[in-house]
Amino acid sequence: MWGIIKQKLGARGLSAPVFGDCMHRLRPMASAIRRYSSATKQMTVRDALNSALDEEMAADSDVFLMGEEVGEYQGAYKISKGLLDKYGSERVVDTPITEAGFTGIGVGAAYHGLKPVVEFMTFNFAMQAIDQIINSAAKTNYMSAGKINVPIVFRGPNGPAAGVGAQHSQCYGAWYGSVPGLKVLVPYSSEDARGLLKAAIRDPDPVVFLENEMLYGESFPVSTEALDSSFSLPIGKAKIEREGKDVTITAFSKMVGYALKAAEILEKEGINAEVINLRSIRPLDRATINASVRKTNRLVTVEEGFPQHGVGAEICATVVEDSFNYLDTPVERIAGADVPTPYAANLERLAFPQIEDVVRAAKRTCCRSVPMAANV
Amino acid sequence: MAFAGAKIIQPSLPLIHTTTRSPDNTLLSDPSFLSSPFLGSTRTLRLTQSISPAQRRSASPVVAVSDVFKEKKLKSNTNLLLTKEEGLQVYEDMILGRAFEDMCAQMYYRGKMFGFVHLYNGQEAVSSGFIKLLKKEDSVVSTYRDHVHALSKGVPARAVMSELFGKKTGCCRGQGGSMHMFSAEHNVLGGFAFIGEGIPVATGAAFASKYRREVLKEADCDHVTLAFFGDGTCNNGQFFECLNMAALWKLPIIFVVENNLWAIGMSHLRSTSDPEIWKKGPAFGMPGVHVDGMDVLKVREVAKEAIGRARRGEGPTLVECETYRFRGHSLADPDELRDPAEKARYAARDPITALKKYLIESKLANEAELKAIEKKIDEVVEDAVEFADESPAPSRSQLLENVFADPRGFGIGPDGSYRCEDPKFTQGTAQV
Ligand SMILES: Cc1ncc(C[n+]2csc(CCOP(=O)(O)OP(=O)(O)O)c2C)c(N)n1
Ligand SMILES: [Mg+2]
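First, a word on what this report is: a plain description of the structure on this page.

Conventions and cut-offs
- Residues numbered from 1 in each chain as written.
- Chains lettered and ligands numbered in written order.
- Predicted model: local features only at pLDDT ≥ 70, side-chain atom pairs only at ≥ 80, totals over all residues.
- Heavy atoms only, no water.
- Patch = residues over 30% accessible without salt bridge, like charges linked within 9 Å, V, L, I, M, F, W, Y side chains within 5 Å.
- Areas by Shrake-Rupley, 256 points an atom, 1.4 Å probe, with all protein chains shown as cover.
- Salt bridge = Lys/Arg side-chain N within 4 Å of Asp/Glu carboxyl O.
- Helix = DSSP H or I, 4+ residues; strand = E, 2+ residues; numbered from the N terminus.
- Buried < 20%, exposed > 50% of the residue type's maximum accessible area, 1.4 Å probe, protein only.
- Axes fitted to C-alpha atoms, helices over the stretch in contact; angles between N-to-C directions.
- Parallel < 35°, antiparallel > 145°, perpendicular 65-115°, else oblique.
- Left-handed = near helix turned anticlockwise from the far one by under 90°.
- Contact = heavy atoms within 4.5 Å.
- Nonpolar A, V, L, I, M, F, W, Y, C, P; charged D, E, K, R; others polar.
- Near = heavy atom within 4 Å.
- Polar contact = N/O pair within 3.5 Å; in protein donor to acceptor, adjacent residues only side chain to side chain.
- Pairing = 2+ DSSP bridges.

1. A closer look at a nonpolar patch on the surface
All names here are of chain B.
Then comes step 1: Residues Phe 207, Tyr 211, Val 215, Leu 216, Leu 248 and Trp 249 make up a contiguous nonpolar surface patch of about 600 Å² in total accessible area.
Then comes step 2: Locating Phe 207 in the fold gives a position in helix α8 (residues 198-214).
Then comes step 3: The class for Phe 207 is partly exposed, based on a relative accessible area of 40%.

So, in structure tokens, the structure goes:
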């Protein structure tokens with residue numbers, strides 16, 4: 001009965017199958033608008049992540065990748081495509097399905113100076129390893145009085161996906177964003193993906209790197225500079241994706257695209273929105289956010305996570321603390337509904353922010369500006 | 001120690017467990033099974049220098065290891081493996097499982113269902129072999145590959161199909177979806193999408209049965225729980241944690257491993273240091289059984305013993321069913337890593353074809369009777385699709401329901417109104 005298996009074992013490694021997109025038969029998202037001046041080439045977020053991993057592994061043999069299906073399967077979402085062939089199974093490590101186990105192993109290896117990149121098939125599954133991420137990784141530099149640092153990257157798709165129900169579809173930005181000792185990055189475009197992943201791998205501390213499955217197949221223009229292997233982006237710095245003067249919209253990951261789309265619609269109605277791509281949730285670029293709000297006097301925060309104690313809540317707090325007197329109108333906080341993600345397509349759509357929601361909220365902030373103007 | 005299996009596994013010796021071989025041929029085609037049931041077979045040890053998992057595996061179908069099983073089997077002198085009625089019931093259930101899943105594939109490609117849809121084709125002997133022996137009060141805990149477990153447990157095809165369509169008439173009103181089938185009425189305690197997650201939940205259900213019997217003195221509470229999960233899941237800590245507690249507290253649970261040899265694209269042999277999962281039973285002090293999961297009669301025999309044991313309060317059993325999935329991991333899996341020869345080999349051992357052959361050869365049923373069942377099931381599945389298609393989508397107001405059991409939902413706000421009525425708080429951006 002097991003003879004076939006034996007053969008299979010023997011044949012392992014001989015074939016390097018090439019995969020197209022799989023596990024990805026999901027409803028397409030509205031493609032986002034982008035503005036790049038020095039764009040030279042189009043690149044998907046998937047290729048951006050893949051090339052960043054590849055280059056960092058080539059540059060530093062302390063860097064290795066581990067996780068479920070990262071090797072022979074080429075990654076559940078094909079982010080690690082080709083890496084097994086290039087770096088071998090010692091550096092592209094297929095693990096059993098044991099998040100607590102392999103995450104802890106990654107952390108332990110990082111204590112000894114290696115630079116593990118731990119891939120979670122999706123960030124949902126990292127819940128089974130949250131002890132390792134928070135206790136073993138995030139707190140160690142502190143507990144060891146700075147003697148043991150943990151240069152590890154935890155990465156994988158985060159946030160709602162399409163049609164996969166309550167357990168597979170939620171945003172962990174706010175969860176990790178509340179933990180001292182973690183850095184939490186949230187790329188949107190291909191440039192973000194490349195620059196931030198490279199920065200994360202080179203960083204001496206644990207980084208939670210939240211990708212978005214719905215963005216993997218999206219193409220963005222990338223500059224020549226961003227294609228250079230030395231490229232990286234600063235951790236903790238937001239990017240103003242679009243300048244405006246009437247209202248500030250903060251967003252991260254997939255929601256940046258929605259915010260840009262909303263800004264286009266608003267423009268037609270005479271509202272000039274400034275869109276901030278947070279890029280980093282922790283550290284949070286309070287300076288950029290506050291400077292923008294001081295200019296526009298209005299704020300809409302957008303995220304797909306649950307509303308309570310969310311990223312938007314933290315942004316509201318920083319703006320109330322630092323720029324209260326500049327606000328013309330109450331802050332609008334756009335978030336996912338406070339329910340587990342429903343399966344039914346119509347309910348699922350209701351549960352997460354849509355472009356119309358951003359438009360509507362931005363308009364509300366602008367319409368209400370007159371009566372509140374006394375605050376300025 | 002009651003379990004022989006525990007005795008023969010000595011730490012430093014690489015072993016092969018062999019048995020009176022019920023060789024490559026299946027029970028279904030091997031009448032000699034009747035006089036030498038593998039459950040009661042004797043084991044011999046063989047020492048070898050160093051053997052690869054694959055070699056170990058290829059030794060023979062490995063079998064039951066517990067004395068409990070052995071004694072029981074020797075006493076038993078039944079000649080018929082199942083009655084005509086049982087045979088037809090099991091056949092119908094397997095046909096239902098297969099036809100339902102085939103229909104799901106069609107509906108998925110037509111965009112009627114979405115997300116991750118994991119089909120059960122090929123593994124029917126496990127679901128039907130086990131679940132058809134349960135009482136309604138017994139519980140089943142499943143994974144994301146849960147449609148057929150729910151069907152076997154009696155959840156109507158309409159309710160499951162409708163759930164997959166995301167409709168209000170689904171068994172979870174469209175809120176759960178493919179990976180999360182629940183039916184309190186049928187004691188289907190959930191499809192759990194996370195690896196290992198269902199195992200402690202199932203163990204908890206078994207704990208509750210024991211508690212009701214022993215603490216609450218409900219003498220008639222002899223309910224058992226079946227936990228279904230895959231080979232890949234047996235590398236997750238929750239599996240080991242629960243084997244320990246279930247044995248420690250003698251809980252009425254059967255851990256049913258559906259070893260289909262693959263976890264998405266990860267071969268079992270590439271991920272597991274000792275691939276013989278059943279051995280982990282004795283290691284924790286419970287019987288471990290390895291059974292041909294493509295043979296529903298064998299599965300049923302093992303299931304009967306294990307369920308009986310659990311019902312009698314004699315504790316848990318670990319059963320490894322060697323099976324195979326005939327489709328990709330999910331409908332989105334390109335399934336490019338499994339060897340076509342391996343697939344063909346298992347396809348030739350289709351559990352439904354095998355049962356059909358047995359029923360006919362042993363004169364338990366004739367072609368016409370089986371045809372009639374197939375026709376009936378076709379109609380059931382067609383009807384389920386029609387029903388699901390015509391059913392209404394959940395209404396918008398349903399979005400905020402069922403988050404809490406508390407009928408006040410999110411509790412009462414300072415102005416006396418329900419917090420769930422405060423749109424800023426709960427709706428996110430939804431315009432309900
Ligand atoms: C904690 C966790 N990690 C990863 C996954 C992704 N995942 C879904 S199914 C699966 C493979 C499971 O294989 P197995 O246990 O053999 O069951 P099978 O699918 O073969 O029935 C994986 C890795 C998950 N659902 N949960
Ligand atoms: Mg499996």
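2. Examining the packing of helix α10 (residues 254-268) of chain A against helix α14 (residues 355-367) of chain A
Residues and elements named next belong to chain A.
Then comes step 1: Interhelical geometry of α10 versus α14 gives an angle of 55° and a closest axis separation of 9 Å. The orientation of α10 with respect to α14, classified from their angle, is oblique. Where α10 crosses over α14, the two elements pack in a sense that is right-handed. Listed contacts from α14 to Tyr 258, Lys 261, Ala 262, Ile 265 and Leu 266 of α10 are Ile 355, Val 358, Val 359, Ala 362 and Lys 363.
Then comes step 2: Among the residues making up the contact of α10 with α14, the classes are represented as eight nonpolar, no polar and two charged.

3. What about the packing of helix α4 (residues 84-109) of chain B against helix α7 (residues 157-164) of chain B?
All names here are of chain B.
Then comes step 1: Relative orientation of the contacting elements α4 and α7 amounts to 20°, with a least axis distance of 12 Å. Between α4 and α7, the interaxial angle falls into the category roughly parallel. As α4 runs across α7, the sense of the crossing is right-handed. In contact with Phe 100, Met 103 and Cys 104 of α4, α7 contributes Ala 157, Val 160, Met 161 and Leu 164.
Then comes step 2: Classifying every residue of the contact of α4 with α7 by side-chain character gives seven nonpolar, no polar and no charged.

4. Remarks on the site of ligand 1
Then comes step 1: Around ligand 1 there are 20 residues in total, and Glu99(A), Tyr144(B), Arg145(B), Ala193(B) and Thr233(B) lie nearest to it.
Then comes step 2: More than one chain approaches ligand 1, the contributing ones being chains A and B.
Then comes step 3: The contact in question runs from an oxygen atom of ligand 1 to an N or O atom on the side chain of Asp231(B), over 2.9 Å.
Then comes step 4: A distance of 2.8 Å is found between an oxygen atom of ligand 1 and a backbone nitrogen or oxygen belonging to Gly232(B).
Then comes step 5: In the complex, the protein chains occlude 97% of the 580 Å² of accessible area that ligand 1 would expose alone.

5. Some points on the sheet that holds strand β12 (residues 280-282) of chain A
Hydrogen bonds between backbone groups are what pair the strands of a sheet, and the pairing can be parallel or antiparallel.
Residues and elements named next belong to chain A.
Then comes step 1: Taken together, seven strands build an open sheet; the order of strands is β3-β2-β4-β5-β7-β6-β12 and the sheet is mixed. What marks the edges here is a single partner per strand, and that holds for β3 (92-94) and β12. For this sheet, the mean inter-axis angle between neighbouring strands, taken without regard to orientation, is 20°.
Then comes step 2: Where strand β6 (residues 183-185) and strand β7 (residues 207-211) come together, three bridges link them in parallel fashion. Looking at β7, one finds that Val 184 is bridged to Val 208.
Then comes step 3: Each of β2 (63-67), β3, β4 (115-119), β5 (153-157) and β7 is contacted by helix α2 (residues 45-59), which is oriented at about 130° to β2, the strand it contacts most.
Then comes step 4: Running over the sheet, helix α8 (residues 190-202) touches β2, β4, β5, β6 and β7 and is turned about 160° from β7.

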